[in-house]
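Commentary on secondary and tertiary structure
Chain by chain, the residues:
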Amino acid sequence: MTEGVGRLREAAVALRDVLDDEQRGRLVLPFEDENERRNWAYWPAARQGVPFSDMTSDQQQLAYGIVAAVLTLPTYAKVTTIIGLEEVLRELELGGRGRRRPEGLPRDPSKYYTTLFGDPDGADPWGWRFEGHHVSLHVTVAGEQVAGTPLFLGANPAEVCHGDRVVLRPLAEEEDTARALLEALPADQRRRALVDDRAPDDILTFNSPRVEVELGGGVAISDLTGTARAISDALIDMHVNRVKLPVPADISDLHFAWAGSPERWKHHYYRLAGPRFLVEYDNTQNDANHAHSVWRDPANDFGDDLLRRHRAQDHSGTT
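Below is a summary of the structure that appears in this document. (Residues numbered from 1 in each chain as written. Predicted model: local features only at pLDDT ≥ 70, side-chain atom pairs only at ≥ 80, totals over all residues. Heavy atoms only, no water.)

Per the secondary structure count, the chain includes ten helices and 15 strands. Against the compact-globule benchmark of 20 Å for 319 residues, the chain has a radius of gyration of 20 Å, which places it among compact chains. For the C-alpha atoms alone, the extent of the chain along its principal axes is close to 60 × 60 × 30 Å. The proportion of buried residues among the 319 residues of the chain is 53%. Put simply, 65% of the contacts in the chain that link residues at least 6 apart link residues at least 24 apart. Roughly 14200 Å² of accessible area belongs to the chain as shown, and the carbon and sulfur atoms make up 50% of that amount. Measuring between centres, the 36 positive side-chain charges of the chain sit 3 Å from its 51 negative side-chain charges. (Helix = DSSP H or I, 4+ residues; strand = E, 2+ residues; numbered from the N terminus. Rg over C-alpha atoms; globule rule 2.2 N^0.38 Å. Buried < 20%, exposed > 50% of the residue type's maximum accessible area, 1.4 Å probe, protein only. Contact = heavy atoms within 4.5 Å. Areas by Shrake-Rupley, 256 points an atom, 1.4 Å probe, with all protein chains shown as cover. Lys, Arg positive; Asp, Glu negative; His and termini not counted. Charge placed at Lys NZ, Arg CZ, Asp CG, Glu CD.)

Below, the structure is given as structure tokens:
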């Protein structure tokens, strides 16, 4: 067993075993429940699983331990910052008038849910989900093989300032690196990259269980050279390196596309799209101060390709 998978398994078992029977019944769902495994969202809502609000402080630390076993430290820092932004968002929305939004749904950093699918201590495939407002993390494990998409991070507000100084900006490098890539493109490649002068209202794949929308257009990454190619490589690595697990990433036939304004604080959207790798970033809501970012593998979200290969090996008797 690889060190990363082993640590993840140990962290998941540690949380499961410390919960009482009622909590464990909500934490562990059947891996075969395909609909629930693929059910994901990035807005405030009740979910299946156990939220922080139903855990003791020690149990919460164990739940965070699973997150830390999956994510690299920079991404872990982004996730904890995004969770903390719930309190900031509540104050922005309410303006000190009370502690609940008018429609009755609180902004609440305790409403992040941990869910296990199957038995992390067994031989069969299993999965983990950690989800709440603007965070949706998914891992599927089959033997030593791991899938880690979809991986969604968002931020509202995307930026908190004190005068002209930035206090918080969790997804700064996701936005700034892509804008630097756009600016580094020669004129003809930049024209190809700019697919629309208006940015969409959200990521185009939304929370779909499978990537089924056609995302054509843009400039081929394979055509880039020099500074532009170095920046594109950095943008790709930024997303691949969000997880510390051995998650495969096929970056062949990628295209970079931008929609909306190239200026900061204006509505904008970009994507890196290929057959096996998709990144979308959108910052249009709340006057371009509300960002959504997702990394997906259209062929292996929720371990689709991984599970097909695992089942084929089982049927053939190979290991």
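Text resumes after the structure shown.
With five of its five residues buried, strand E3 (residues 113-117) lies for the most part within the structure. Covered by surrounding structure in E3 are Tyr113, Thr115 and Phe117 together with Thr114 and Leu116, the residues of both alternating faces. Direction of pairing for strand E1 (residues 28-29) relative to E3: parallel, over a ladder of two bridges. Bridging across to E3, leucine 29 finds its partner in phenylalanine 117. Bridging between strand E2 (residues 50-51) and E3 involves two bridges; their strand directions are antiparallel. Looking across to E3, one finds that proline 51 is bridged to tyrosine 113. In the sheet, E3 pairs with strand E4 (residues 126-132) via five bridges, with the strands oriented antiparallel. If you follow phenylalanine 117 over to E4, its bridge partner there is glycine 127. (Pairing = 2+ DSSP bridges.)

Another aspect to go through is helix H1 (residues 3-18). Relative to the 22 Å expected for 16 residues at 1.5 Å per residue, H1 spans 23 Å between its end C-alpha atoms, a close match to the ideal helical length. Buried residues of H1: Val5, Gly6, Leu8, Arg9, Ala11, Ala12, Val13, Leu15 and Arg16, and no others. (Expected span 1.5 Å × (residues − 1).)

Take the pairing of strand E9 (residues 165-168) next. Regular strands place their side chains on alternate faces of the sheet. Sheet topology note: the strand E8 (residues 160-162)/E9 ladder contains three bridges and is antiparallel. Across the sheet, the residue bridging to valine 160 is leucine 168, located in E9. Turn length for the E8-E9 hairpin, with the two strands adjacent in sequence and antiparallel, is two residues, and the turn residue glycine 163 shows positive phi of about 65°.

Along the chain, glycine 143 turns up in the loop between strand E5 (135-142) and strand E6 (145-147). When residues no more than four places from it in sequence are discounted, the contact partners of glycine 143 are Val5 and Arg9.

Attention now moves to the nonpolar core. In globular proteins that are soluble, nonpolar side chains generally tend to be buried together. Counting residues in hydrophobic clusters, the biggest one holds 63 residues, and the most contacted among them are Leu8, Trp128, Phe130, Leu137, Leu185 and Phe256. The next biggest cluster of nonpolar side chains, apart from the first, holds seven residues, and it includes Leu29, Phe31, Ala147 and Leu306. (Core = buried A, V, L, I, M, F, W, Y, C linked by side-chain atoms within 4.5 Å.)

Next up on the list: the environment of lysine 266. If you trace the backbone, lysine 266 turns up in the loop between strand E12 (255-260) and strand E13 (268-273). With near-sequence residues (within four places) excluded, lysine 266 lies in contact with Ser261, Asn283 and Ala288. Among the polar contacts listed, one links the side chain of lysine 266 to the side chain of glutamate 263, at a separation of 3.4 Å. (Polar contact = N/O pair within 3.5 Å; in protein donor to acceptor, adjacent residues only side chain to side chain.)

Let's shift gears to the packing of H1 against helix H4 (residues 57-70). Running from N to C, H1 and H4 cross one another at 165°; their axes reach a closest spacing of 9 Å. When the interaxial angle is binned, H1 and H4 end up roughly antiparallel. The interaxial crossing formed by H1 with H4 has left-handed handedness. Contact residues: H1 offers Arg7, Leu8, Ala11, Ala12, Ala14, Leu15 and Val18, while H4 offers Gln59, Leu62, Ala63, Gly65, Ile66, Ala68, Ala69 and Val70. Its residues placed into classes, the contact of H1 with H4 shows twelve nonpolar, two polar and one charged. (Axes fitted to C-alpha atoms, helices over the stretch in contact; angles between N-to-C directions. Parallel < 35°, antiparallel > 145°, perpendicular 65-115°, else oblique. Left-handed = near helix turned anticlockwise from the far one by under 90°. Nonpolar A, V, L, I, M, F, W, Y, C, P; charged D, E, K, R; others polar.)

One pass over the structure, following the stated rule, counts 30 salt bridges. Taking the shortest distance from any N to any O, the salt bridge between glutamate 174 and lysine 78 comes out at 2.6 Å. Linking glutamate 174 in helix H6 (residues 172-184) with lysine 78 in helix H5 (residues 73-94), this pair joins segments that are 96 residues apart in sequence. Residue classification places lysine 78 among the buried positions, given a relative accessible area of 10%. One salt-bridge network, in which partners are shared between bridges, spans Glu159, Arg169, Glu175, Asp176, Arg179 and Arg264. (Salt bridge = Lys/Arg side-chain N within 4 Å of Asp/Glu carboxyl O.)

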